[in-house]
Amino acid sequence: MPTFLSKIFSSKKKLKVEFCQNNLDQFVDEQSFPRYEEFFSSNRVEYKEYECLSECKTCRQSPYAKVDGQILTADTAFELLEKLKAHSQ
């Protein structure tokens, strides 16, 4: 049974991140992939990859993710990862 303090410190909700598989294939390369893996190994981040998120215009233009239901875009895969990290804190 969790203690009172463990409930308080674990009360931060997880960051929910959704990706479009096509967007990942287009923008996340071999250099950035290990950094994404490291970020997603955190127990504070929950992510899911979908075949399509129906954001085709955004998907063609830049790396993006849905974070807690909101679209987050960036110019590069590295920049998107930094924005995701900022949201998880």
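In what follows, the structure referred to is the one given above.
Keep in mind it's a predicted model, so treat the numbers as computed, not measured.

K.L.:
Would you mind showing me how to read the state of the cysteines here?
P.N.:
Covalent bonding between the sulfur atoms of two cysteines is what defines a disulfide. Here the structure, examined in full by the defined rule, presents zero disulfides. Free of any disulfide, Cys52 has its nearest neighbouring cysteine sulfur in Cys56, separated by 4.7 Å.

K.L.:
Would you explain the packing of aromatic side chains in this entry?
P.N.:
Aromatic ring pairs are described here by two measures, namely the spacing of the ring centres and the angle between the planes. Applying the stated criterion across every chain yields a total of five aromatic pairs. Between Tyr36 and Phe40, the aromatic rings sit 6.2 Å apart at their centres with planes inclined by 40°, giving tilted as the arrangement. Residue Tyr36 and its partner Phe40 are located together in helix H3 (residues 33-40), separated by four residues, close to a single helical turn. Given a relative accessible area of 13%, Phe40 falls into the buried group. In textbook terms, an aromatic cluster arises when at least three aromatic residues are bridged by ring pairs, as seen for Phe19, Tyr36, Phe39, Phe40 and Tyr47.

K.L.:
Explain the pattern of salt bridges here, please?
P.N.:
It is possible for side chains of opposite charge to pair when their charged atoms get near one another. Enumeration according to the criterion identifies two salt bridges in this entry. The salt bridge involving Glu82 is made with Lys85; its shortest N-O contact spans 3.7 Å. Of the two residues, Glu82 and Lys85 both sit in helix H5 (residues 77-87), three residues apart, roughly one turn of that helix. Take Lys85: its relative accessible area is 29%, and that puts it in the partly exposed class.

K.L.:
In this structure, what is going on with H5? I would like to understand it.
P.N.:
In an α-helix there are 3.6 residues to a turn, and that puts residues three or four apart on one side. Listing the buried residues of H5 in full gives Ala77, Leu80, Leu81 and Leu84. Seen end-on, H5 carries its buried residues on one side only, within an arc spanning 100°.

K.L.:
Looking at this structure, I do not really get the sheet that holds strand E1 (residues 15-20). What am I missing?
P.N.:
Strands sit in the order E2-E1-E3-E4 across an open sheet of four strands; the sheet is mixed. Looking at which strands have only one partner, the edges of the open sheet turn out to be strand E2 (45-50) and strand E4 (70-73). Averaged over neighbouring strand pairs, the angle between their axes works out to 30° when direction is ignored. As defined by bridge partners, strand E3 (residues 64-67) adjoins E4 across four bridges and the pair is classed as antiparallel. Among the inter-strand pairings, Lys66 is bridged to a residue of E4, identified as Ile71.

Definitions and cut-offs
Residues numbered from 1 in each chain as written. Predicted model: local features only at pLDDT ≥ 70, side-chain atom pairs only at ≥ 80, totals over all residues. Heavy atoms only, no water. Disulfide = S-S within 2.5 Å. Phe/Tyr/Trp six-rings, centres within 6.5 Å; stacked < 30°, edge-to-face > 60°. Helix = DSSP H or I, 4+ residues; strand = E, 2+ residues; numbered from the N terminus. Buried < 20%, exposed > 50% of the residue type's maximum accessible area, 1.4 Å probe, protein only. Salt bridge = Lys/Arg side-chain N within 4 Å of Asp/Glu carboxyl O. Arc of directions from axis to C-beta. Pairing = 2+ DSSP bridges. Axes fitted to C-alpha atoms, helices over the stretch in contact; angles between N-to-C directions.

That is the geometry; function is a separate question.
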